[in-house]
Amino acid sequence: MGNRRPGGPRGGYDPVQIYNSTSFNASGKVEYASIFCSDDNYSVLRDETWRASSRGVCLVTRITATVRTPSGNIEAEPYTSSGTSYNQFAIIQVGVNKFQVTRVTSATRRLK
């Protein structure tokens, strides 16, 4: 999981984090732009955050999610990019049995 070819540039991007904001468990795949980067398969419980073990200089191109609901497994609308260095994403519910993977643009939560 998250194996990266050694010998690349020092540093790299922060490991991918996926917060599951739904009431259901989910799993999916983080896909990276380079053939030198290994895709990450993940599973995340409801209201939990999955973190990749490493990332190196790999850009994210796609994140998929399958949400396991009482109505069956539902494929979320994936996050797609030509290649992003962003590392914080979330699985959200956007309708009845409708989910999507989205980039998190702020770590702060609004208080009601």
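Structural data are supplied above this passage.
Okay, so let's go over this structure. Values in this document were obtained by computation on a predicted structure and should not be read as measured data.

Calculation notes
- Residues numbered from 1 in each chain as written.
- Predicted model: local features only at pLDDT ≥ 70, side-chain atom pairs only at ≥ 80, totals over all residues.
- Heavy atoms only, no water.
- Phe/Tyr/Trp six-rings, centres within 6.5 Å; stacked < 30°, edge-to-face > 60°.
- Helix = DSSP H or I, 4+ residues; strand = E, 2+ residues; numbered from the N terminus.
- Lys NZ or Arg CZ within 6 Å of the ring centre and 35° of its normal.
- Salt bridge = Lys/Arg side-chain N within 4 Å of Asp/Glu carboxyl O.
- Buried < 20%, exposed > 50% of the residue type's maximum accessible area, 1.4 Å probe, protein only.
- Lys, Arg positive; Asp, Glu negative; His and termini not counted.
- Polar contact = N/O pair within 3.5 Å; in protein donor to acceptor, adjacent residues only side chain to side chain.

1. Observations concerning the packing of aromatic side chains
Under the defined criterion, the tally for this structure stands at three aromatic pairs. Plain terms: the ring middles of phenylalanine 24 and phenylalanine 99 are 6.1 Å apart, the flat faces sit at 90° to each other, and that makes the pair edge-to-face. With phenylalanine 24 in the loop between strand S1 (17–20) and strand S2 (25–32) and phenylalanine 99 in strand S10 (residues 98–103), the pair connects residues that are 75 residues apart, well separated along the chain. A cation over a ring is seen here: arginine 103 above tyrosine 86, with NZ or CZ 3.6 Å from the ring centre.

2. Focus on the pattern of salt bridges
Tallied over the entire structure, the rule returns one salt bridge. Its salt-bridge partner being arginine 62, residue glutamate 31 comes within 4.0 Å of it at the nearest N-O pair. Pair noted here: glutamate 31 is in strand S2 and arginine 62 is in strand S5 (residues 60–63), with a separation of 31 residues, a long-range link.

3. Concerning the side chain of arginine 55
Here arginine 55 is to be found in the loop between strand S4 (49–51) and S5. For the buried arginine 55, which has no salt bridge, the nearest side chain bearing the opposite charge is aspartate 14, at an N-O separation of 7.4 Å. A distance of 2.9 Å separates the side chain of arginine 55 from the backbone oxygen of threonine 84, its partner in a polar contact. Of note is the side chain of arginine 55, whose polar atom sits 3.1 Å from the backbone oxygen of tyrosine 86.

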